[in-house]
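# Coordinate inspection notes
This is what each chain is made of:
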Amino acid sequence: MSDIEKRIHRLERMRIERERLARIMDEDLLETVEEVFDRLTLLSLYDLVNDGVIDVMHGVVSSGKEARVYWAEDPEGNDLAVKIYLTVTAEFRHGMLKYIEGDPRFQHVRRHPRKLIYLWCRKEFRNLKLAYETGIRVPKPIAARNNILVMEFINQPNERGRPAPLLREAPPEDPEEALEVLLRYMHKLYNEAELVHADLSEYNVMNREGELIIIDWGSAVKKGHPMFTEFLLRDIRNVLRFFHKLGVKVPSVREVFEWITH
Ligand SMILES: Nc1ncnc2c1ncn2[C@@H]1O[C@H](COP(=O)(O)OP(=O)(O)O)[C@@H](O)[C@H]1O
Ligand SMILES: [Mg+2]
């Protein structure tokens, strides 16, 4: 193929892909998605449609610094949360390495920014899966493709497309019981999955009418990571601080640490 032919071919493919994406999103959404994400991300999104994972994309439910979360639907009409990582900033890249290097699962870290974000997304997927299989309440992981993670959508009861509130926004009615649940999850996670969340706080726990769901698993590290213990201590501190503020008579960080690690 000559260069001109190649260019025409590529433009033609782009046109076809855009048409396909237009079928699963309304025009406004497609426009914003195109503004925010690069072509490879759009291609990955389209792959997920092609594979029958995603059927319709609805609007954005959260736009953080590093990722955006969308409400979508699978072909059976089940709600999905689609978390799409933005291509990395230098700052995020620097921050990420701390949670990757040293984890025995990722010994050959690739430092290329795009590869690194793919790795991060895959890591979040694997962490979610591990936590899910251990019986901790997390969004059910469904698929990961490049920088896109697809999982169960945790909605507000009877309100499709609205995420349940975070613990931060909706403190539990029975804080003693909620603390117990979270500590039991941490114990299970550490002892059965050999995993520490490493970003646990009231900002990464959803409260669906009293049911606590732990989200945002990208930072979680496996036993063997040199900061494993330190991250566990920090998670314990964050959780205890929050419940202390709610007026719960909380145990000491040391006591909880000893209990979790025996
Ligand atoms: N599975 C999910 N179902 C519904 N909403 C979600 C889900 N995962 C994340 N969200 C929403 O997106 C927000 C950001 O998600 P999170 O994974 O914490 O990413 P980050 O904090 O890195 O931006 C959450 O606070 C929540 O409102
Ligand atoms: Mg978060």
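Residues numbered from 1 in each chain as written. Chains lettered and ligands numbered in written order. Predicted model: local features only at pLDDT ≥ 70, side-chain atom pairs only at ≥ 80, totals over all residues. Heavy atoms only, no water.

### Here's the deal with the overall build of the chain
Worth spelling out the cut-off: Under the DSSP-based scheme used, a helix requires at least four consecutive residues in state H or I and a strand at least two consecutive residues in state E, with every element numbered from the N terminus. Two things to know: the radius of gyration comes from C-alpha atoms, and the globule rule equals 2.2 Å times the number of residues to the power 0.38. Burial classes follow relative accessibility: with a 1.4 Å probe on protein chains only, a residue under 20% of its type's maximum area counts as buried, one over 50% as exposed, and anything between as partly exposed. Accessible surface is estimated by sampling points in the Shrake-Rupley manner with a 1.4 Å probe; for residues, cover comes only from the protein chains shown. When charges are counted, Lys and Arg contribute as positive and Asp and Glu as negative, whereas His and the chain ends are disregarded. Where a charge lies is defined by one atom per residue type: Lys uses NZ, Arg uses CZ, Asp uses CG and Glu uses CD.
In terms of regular secondary structure, the chain is built from 8 helices and 11 strands. On C-alpha atoms alone, the chain measures out to a radius of gyration of 20 Å, which is about the 18 Å that the 2.2 N^0.38 rule sets for 262 residues. Considered along the principal axes of its C-alpha atoms, the chain spans approximately 70 × 45 × 30 Å. Within the chain, the proportion of its 262 residues that are buried is 48%. About 13900 Å² of surface is accessible on the chain, with carbon and sulfur atoms providing 48% of the total. For the chain, the distance from the average site of its 40 positive side-chain charges to the average site of its 44 negative ones is 7 Å.

### A look at the pairing of strand β1 (residues 56–63)
Inclusion rule: Here the rule is simple: two strands pair whenever DSSP picks up at least two bridges between them.
Note: β1 against strand β2 (residues 67–73), 5 bridges, orientation antiparallel. Bridging from a neighbouring strand, V56 pairs with E73 of β2. From the end of β1 to the start of β2, which pair antiparallel, there are 3 residues.

### Overview of the layout of surface pockets
Put simply, the rule is: Both cavities and pockets are sets of points on a 1 Å grid over the protein atoms alone; in a cavity a 1.4 Å probe fits but cannot get out, in a pocket the set is open with protein on both sides within 12 Å along at least five of seven lines, and lining residues sit with an atom within 4 Å of a point. Grid points are joined across faces, edges and corners, and a volume is the space filled by probe spheres set on the points. All residues other than Ala, Val, Leu, Ile, Met, Phe, Trp, Tyr, Cys, Pro, Asp, Glu, Lys and Arg, Gly among them, are scored as polar; the first ten of these are nonpolar and the last four charged.
Of the pockets and cavities examined, the largest pocket occupies roughly 870 Å³. Listing elements by their share of the lining of the largest pocket, those giving two or more residues are β1, β2, β3 (79–85), α4 (90–97), α5 (113–133) and β5 (148–152). Counting residues per element, the lining of the largest pocket draws most heavily on α4, at 4 residues. For the lining of the largest pocket, the residue count by class is 22 nonpolar, 6 polar and 10 charged.

### Details of the coordination of the magnesium ion (ligand 2)
Worth spelling out the cut-off: With water excluded from the atoms, a metal site may look incomplete; its donors are any N, O or S atoms within 2.8 Å, or within 3.2 Å for Na, K and Ca.
Coordination sphere of the magnesium ion (ligand 2), protein contribution only: N204 (OD1) and D216 (OD), at 2.2 Å. Of the two residues, N204 is situated in the loop between β8 (195–196) and β9 (205–208) and D216 in the loop between β10 (211–214) and β11 (221–222); the sequence distance between them amounts to 12 residues. Residue N204 is classed as buried on the basis of its relative accessible area, which comes to 7%.

### Points about the domain arrangement of the chain
Short version of the rule: Residue ranges labeled as domains rest on an automatic or database domain assignment. In what follows, a contact means two residues having at least one pair of non-hydrogen atoms within 4.5 Å. Buried area, as used here, totals the accessible surface that two parts lose on assembly, with accessibility defined by a 1.4 Å probe and the loss added over both.
Domain annotation of the chain identifies domain 1 (3–159) and domain 2 (161–261). Taking only C-alpha atoms, the centre of domain 1 and the centre of domain 2 are 26 Å apart. Listed per partner, the contact involves 31 residues of domain 1 and 33 residues of domain 2. For the pair domain 1 and domain 2, the summed buried surface comes to about 2700 Å²; carbon and sulfur atoms form 60% of the total.

### Side note on unusual backbone geometry
For N158, which is not a glycine, the phi torsion comes out positive at approximately 60°. Tracing the sequence through the fold places N158 in the loop between β6 (155–156) and β7 (159–163). Residue N158 is classed as exposed on the basis of its relative accessible area, which comes to 82%.

### A look at the packing of aromatic side chains
Two descriptors summarise a pair of aromatic rings, namely the distance from one centre to the other and the angle between the planes of the rings. Condition: Two aromatic rings, drawn from Phe, Tyr or Trp (for Trp, its six-membered ring), form a pair once their centres lie within 6.5 Å of each other, and the interplanar angle then sorts them: stacked below 30 degrees, edge-to-face above 60, tilted otherwise.
Throughout the structure, instances matching the rule amount to 5 aromatic pairs. Considering the side-chain rings of Y99 and W120, the 6.3 Å spacing of their centres and the 80° angle between planes classify their relative orientation as edge-to-face. You can see Y99 sitting in the loop between α4 and α5 and its partner W120 sitting in helix α5, a full 21 residues away along the chain. In textbook terms, an aromatic cluster arises when at least three aromatic residues are bridged by ring pairs, as seen for Y99, W120 and F231.

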